[in-house]
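Residue-level listing of the chains:
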Amino acid sequence: NYLTPKMIEVLDKITVSTLPKHKSWIKHPLYKYEGFWFHQGFWFHSEASFTVEVAMALQDKFVAQPTNVFLASYPKSGTTWLKALAFAIVNRTMFKGSNPQHPLLTTNPHYCVPFIDTEAFLTNPSNTNDLLATHLPYTILPKSVITSDCRIVYICRNPKDVFISFWHFVNEILRDDLSPEMNLEDAFELFSKGVTSNGSCWDHVVGYRKASIERPDKVLFLNYEKMKEDPKSEVKKLASFIGHPFKEGEEGDGEMEEIIKLCSFKKLREVNKANKDGHKVIPNDVYFRKGEVGDAVNYLTTEMIEILDKITLEKYNGLDIAF
Ligand code: A3P
């Protein structure tokens, strides 16, 4: 009620400058805020996205609606796929999966379901989407997401594949002219220490996994590998959880299969490869690299695999997370 936006900005900057700091995969350092690492300022193609300031601002200002459904993930765990599926499920009375006019045939899933942890979202208070996404760790979510009893769907993926997917993404997209290419060994060192944007990856997963055990009616925990293996049962679970269950008839007429096909890696990749001009800073097709389970073994040494497996085993102990 008293401070001007400029004053708030200056004070936030001072707060951030007192946080523990660490070098990252790119030239911009990471800052540790409430146990997790974030970039600061306009690091991402001049946009303040997934930053510590945005996290603070959301904690301060964001008011969730009970009708909101949050799609949460650690980056490179299958966020784009989950966004596409949830969007197609929720909008299927208007657009059947087989509809040649389906928005997913022309629009990248990231435009269909916005991230809240971006400057673009913060500066657009008129956003009325029920479906929203976030990379924020569970314990850093704005309080109203929990107190409003919003539903949260989390997607988790084997950390080895997350690491390799993230490493490619950073080198291809997030790196700018001033950030040299990050070799695999240096990236591995930081990833395994948990020093990555929104990381550690393991602590991110653990937060949501514990929440899904404590509040199963509010937090659904999905797994990329299981979705690849048995998409029907996972998509059915997802649809019921977000309040749009497939009815008997729909199953009979193949609507679920149509949605799975529309949101498949092959289809989305084809659509987004063709459509290059949708996104301001990131080409539409970069979210579709290989879409495979276990690709990490093609890059990691035996020793790296052992180290990551050991961390995973220790961190996920007793939490029933299988890949
Ligand atoms: P790879 O780099 O291993 O191919 P995110 O969406 O969280 O950024 O994750 C990106 C990863 O999900 C990439 O993994 C990408 O190829 C994969 N992906 C994207 N769309 C997919 C889909 N429809 N089905 C399966 N995997 C998909």
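Residues numbered from 1 in each chain as written. Predicted model: local features only at pLDDT ≥ 70, side-chain atom pairs only at ≥ 80, totals over all residues. Heavy atoms only, no water.

If you check an unreviewed UniProt entry, the chain appears there as Sulfotransferase domain-containing protein from Ambrosia artemisiifolia.

A. Expanded view of helix H11 (residues 231–241). Taken together, the buried positions of H11 are occupied by Glu 234, Val 235, Leu 238, Ala 239 and Phe 241. All buried residues of H11 fall inside an arc of 165 degrees around its axis, so they share one side. The first or second residue beyond H11 is Gly 243, which carries a positive phi of 85 degrees. (Buried < 20%, exposed > 50% of the residue type's maximum accessible area, 1.4 Å probe, protein only. Helix = DSSP H or I, 4+ residues; strand = E, 2+ residues; numbered from the N terminus. Arc of directions from axis to C-beta.)

B. Seen up close, the site of the ligand. By nearness alone, 18 residues border the ligand, and Thr 79, Thr 80, Ser 165, Tyr 224 and Lys 290 come closest of all. Measuring from an oxygen atom of the ligand, one finds a side-chain N or O atom of Lys 76 at 2.8 Å. In this structure, an oxygen atom belonging to the ligand sits 2.7 Å away from a side-chain N or O atom of Arg 289. Summarising the interface, the protein chains cover 97% of the accessible area of the ligand, which totals 570 Å² for the free molecule. Per-element accounting of the shell around the ligand gives the leading share, 3 residues, to helix H3 (residues 79–90). (Near = heavy atom within 4 Å. Polar contact = N/O pair within 3.5 Å; in protein donor to acceptor, adjacent residues only side chain to side chain. Areas by Shrake-Rupley, 256 points an atom, 1.4 Å probe, with all protein chains shown as cover.)

C. Representation of the packing of aromatic side chains within the structure. For the structure on display, the rule yields 18 aromatic pairs. For the pair Phe 62 and Phe 70, a centre-to-centre distance of 6.1 Å together with 80 degrees between the ring planes defines the contact as edge-to-face. On the basis of relative accessible area, Phe 62 is assigned to the buried category, the value being 14%. Seen from their ring centres, Phe 163 and Phe 188 are 6.0 Å apart, and the 70 degrees between their planes marks the pair as edge-to-face. Placement of Phe 163 in helix H7 (residues 159–174) and of Phe 188 in helix H8 (residues 184–192) is noted, with a sequence separation of 25 residues between them. The class for Phe 163 is buried, based on a relative accessible area of 0%. Looking at Phe 188, the relative accessible area reads 9%, which means it is buried. One aromatic cluster in this structure is built from Trp 25, Tyr 74, Phe 163, Phe 166, Phe 188, Phe 191 and Trp 202. Residue placement shows Lys 76 over the ring face of Phe 169; its charged tip is 3.6 Å from the ring centre. (Phe/Tyr/Trp six-rings, centres within 6.5 Å; stacked < 30°, edge-to-face > 60°. Lys NZ or Arg CZ within 6 Å of the ring centre and 35° of its normal.)

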